[in-house]
Amino acid sequence: MTAEEQTSEGQHAIAMEGEDITPNHDGGVLKLVKREGTGTELPMTGDKVFVHYVGTLLDGTQFDSSRDRGDKFSFELGKGQVIKAWDIAVATMKVGELCQIMCKPAYAYGSAGSPPKIPPSATLLFEVELFEFRGEDISEDEDGGIIRRIITKGQGYSKPNEGSVVEVTVEGSFEGRVFDQRELKFEIGDGETLGLPTGVEKSIMAMEQDEEACFIIKPKYGFGKAGNANYNIPGGATLQYKIKLTAFEKAKESWEMNTSEKLEQSVIVKEKGTQYFKEGKFKQASVQYKRIVSWLEHESGLSEDDEKKSKALRLAAHLNLAMCFLKLQEPNQALENCDKALELDGTSEKALFRRGEALFGMKEFEKARDDFQRVVQLYPANKAAKSQVVLCHKHIKEQHEKDKRVYANMFQRFADIDSKKEAERMKNESKENGEAMEVENGEKGGDSDAKL
């Protein structure tokens, strides 16, 4: 296909051959491959792409060049971060490909242009080289733990949140073997009860309605070091999931609910969390208790009755979270929630006892003992706290004995080092004295020879 364009001054025309790559084939973006790329894979929506480019007007005037700057240009494909022509053209390129694209104004800067370098209604030419593309990192810490490659872009901007009811199709695979293929309807937060790793729920929460995408999920967000015996997945496995979000009903955000709704929903999720806890599903239980905290911790201007209910629910949530984290062997988070509970009730028997357990797990035996002693002082009938005080004393004594041995050995080492230094010093002095005597004797001998 050949296109002819004139400059705005109409001085001369330029002809370009290329393929019309616009979705509706209106000739708005023509592409001419100047050097073929390698492989078969193409960038997907959301991928971060790295390119070099040179942009010119139809009269040959260069208005921009990443090559001149010496830095590759990067952007997220299909997110509207660049002109339309680029999102269209780069999506058709392979790594290593060099092409030329002609962009009509509707696919570039339109009737306004981009003064001062790009005039109104300008058709632009770009030479573009694709060097690399990589999936979008959607993990919370951007640690590369969950990488998304969008197959089909979704609709709208809304995404599922914690508590949303979602309908999805999932296909999990490991090293080319499909181990899980299902259609599911469930509430976000309940995924682990269905055998889904946490990374799948995090992935779904990043999706739009009708989106289909592939996700690479590292062990941290997958089945961890333990793996999954049911699926025959070894520990430390990186998983691939293809997910389609067919429908979802978003849970109300905190700001969308009034106080009565928050209190009502808090009671419901508290019971749900308690049921999970009884089933030994401590992570799922913690998700429910966290929702109570997020809904109520910043609520203000409550009536006396509502404030009382809110405080009771927040206290229960923090106490239960502490218990969940103790079961999950995460004493630091248990300690944090005990402190929050004690801010609400400074004499809470459960908060003091569980904080003692958390400190004990952190080997802070003296601090743990203090908490258990406080429980005994306030609640003399608590036999478990009395037992823990005795246990703490035992560990404190053992720690002191260990410290004594360590310090004794350390002092002995210092003494040995000092002894060695002293012996070395005396040896050096002896050697120096010997050398001095030899010099002295030598001098006397010389005098005697002279007399002879």
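Thresholds applied
- Residues numbered from 1 in each chain as written.
- Predicted model: local features only at pLDDT ≥ 70, side-chain atom pairs only at ≥ 80, totals over all residues.
- Heavy atoms only, no water.
- Pairing = 2+ DSSP bridges.
- Helix = DSSP H or I, 4+ residues; strand = E, 2+ residues; numbered from the N terminus.
- pLDDT = per-residue confidence, 0-100.
- Contact = heavy atoms within 4.5 Å.
- Buried < 20%, exposed > 50% of the residue type's maximum accessible area, 1.4 Å probe, protein only.
- 1 Å grid on protein atoms, 1.4 Å probe; cavity = no way out; pocket = protein on both sides within 12 Å on 5 of 7 lines; lining within 4 Å.
- Points joined across faces, edges and corners; volume = space filled by probe spheres on them.
- Nonpolar A, V, L, I, M, F, W, Y, C, P; charged D, E, K, R; others polar.
- Expected span 1.5 Å × (residues − 1).
- Phe/Tyr/Trp six-rings, centres within 6.5 Å; stacked < 30°, edge-to-face > 60°.
- Core = buried A, V, L, I, M, F, W, Y, C linked by side-chain atoms within 4.5 Å.

1. Points about the sheet that holds strand β15 (residues 239–249)
(1) Moving on: Taken in spatial order, the six strands make up an open sheet running β10-β11-β14-β15-β12-β13, and their pairing is antiparallel. Either end of the sheet is taken by a strand with one partner, and the two such strands are β10 (136–137) and β13 (177–187).
(2) Moving on: Taken together, the six bridges between strand β11 (residues 146–152) and strand β14 (residues 212–217) define a ladder with antiparallel strand orientation. Paired with I150 across the strands is A213, a residue of β14.

2. What to know about the confidence of the model for the protein chain
(1) Moving on: Chain-level pLDDT for the protein chain is 89 on average; 87% of the residues reach the 70-or-more range.
(2) Moving on: Averaged pLDDT values over the elements of the protein chain bottom out at 46 in strand β1 (residues 2–6) and peak at 98 in strand β12 (residues 165–174).
(3) Moving on: The model gives residues 1–14 a pLDDT under 50, and that stretch makes 32 contacts with residues more than four places away or in other chains.
(4) Moving on: Under a pLDDT of 50 for its full length, residues 442–452 has, in the predicted model, zero contacts with residues more than four places off or in other chains.

3. Considerations on the environment of K104
(1) Moving on: Turning to its location among the elements, K104 is positioned in the loop between β8 (98–103) and β9 (124–134).
(2) Moving on: Among the residues examined, K104 registers a relative accessible area of 27% and is labelled partly exposed.
(3) Moving on: Taking the C-alpha atoms as reference, K104 lies 7.1 Å from A122; in sequence the two are 18 residues apart.

4. Description of the layout of surface pockets
(1) Moving on: Roughly 1,000 Å³ of internal volume is contained in the largest pocket.
(2) Moving on: Together, 35 residues line the largest pocket, and E192, T198, K202, K283 and V287 are the ones closest to its centre.
(3) Moving on: Looking at the lining of the largest pocket, the elements with two or more residues in it are α3 (198–204) and α5 (282–296).
(4) Moving on: Per-element accounting of the lining of the largest pocket gives the leading share, six residues, to α5.
(5) Moving on: Across the lining of the largest pocket, the residue classes tally to 13 nonpolar, 11 polar and 11 charged.

5. What about the environment of V170?
(1) Moving on: Secondary-structure assignment places V170 in strand β12.
(2) Moving on: Between the alpha carbons of V170 and L245 there is a distance of 8.9 Å; along the sequence they are 75 residues apart.
(3) Moving on: Once residues lying within four places of it in the same chain are set aside, the contact partners of V170 are D180, Q181, R182, L184, L196, Y241, K242 and I243.

6. A word on unusual backbone geometry
(1) Moving on: Residues P115 and P116 are joined by a peptide bond in cis, for which omega reads 5°.
(2) Moving on: Within the secondary structure layout, P116 lies in the loop between β8 and β9.
(3) Moving on: For H25, which is not glycine, the phi torsion reads 50° and is therefore positive.
(4) Moving on: Relative to the assigned elements, H25 resides in the loop between β3 (19–20) and β4 (29–35).
(5) Moving on: Despite not being glycine, N232 shows a phi value in the positive range, around 60°.
(6) Moving on: With respect to the secondary-structure elements, N232 resides in the loop between β14 and β15.
(7) Moving on: Since its relative accessible area comes to 60%, N232 is described here as exposed.

7. A short note on helix α4 (residues 259–278)
(1) Moving on: Compared with the 28 Å implied by 1.5 Å per residue over 20 residues, the 29 Å span of α4 between its first and last C-alpha is a close match.
(2) Moving on: Contacts from the buried residues of α4 go to α5 and α6 (304–327).
(3) Moving on: Of the residues flanking the end of α4, it is G280, one or two places downstream, whose phi is positive at about 80°.

8. Details of the pairing of β11
(1) Moving on: In terms of residue burial, β11 counts as a mostly covered element, since five of its seven residues are buried.
(2) Moving on: Taken together, the two bridges between β10 and β11 define a ladder with antiparallel strand orientation. Note that in β11 the partner of E136 across the bridge is R148.

9. Considering the packing of aromatic side chains
(1) Moving on: Scanning the model with the defined rule gives 15 aromatic pairs in all.
(2) Moving on: On the basis of an interplanar angle of 70° and a centroid distance of 5.1 Å, the ring pair of F360 and F365 is categorised as edge-to-face. Like F360, the residue F365 is buried in the burial classification.
(3) Moving on: An aromatic cluster is built from Y53, F63, F73, F75, W86 and F126, whose rings are joined through pairwise contacts.

10. Here's the deal with the nonpolar core
(1) Moving on: With 38 residues, the main nonpolar core has Y289, I292, L296, A368 and F372 as its most contacted residues.
(2) Moving on: Elements supplying a minimum of two residues to this core: α4, α5, α6, α7 (331–344), α8 (349–361), α9 (365–378) and α10 (383–451).
(3) Moving on: For this core, the leading source of residues is α6, giving nine residues.
(4) Moving on: Residues in contact with A368, not counting those within four places in the same chain, are G356, L359, F360 and C392.

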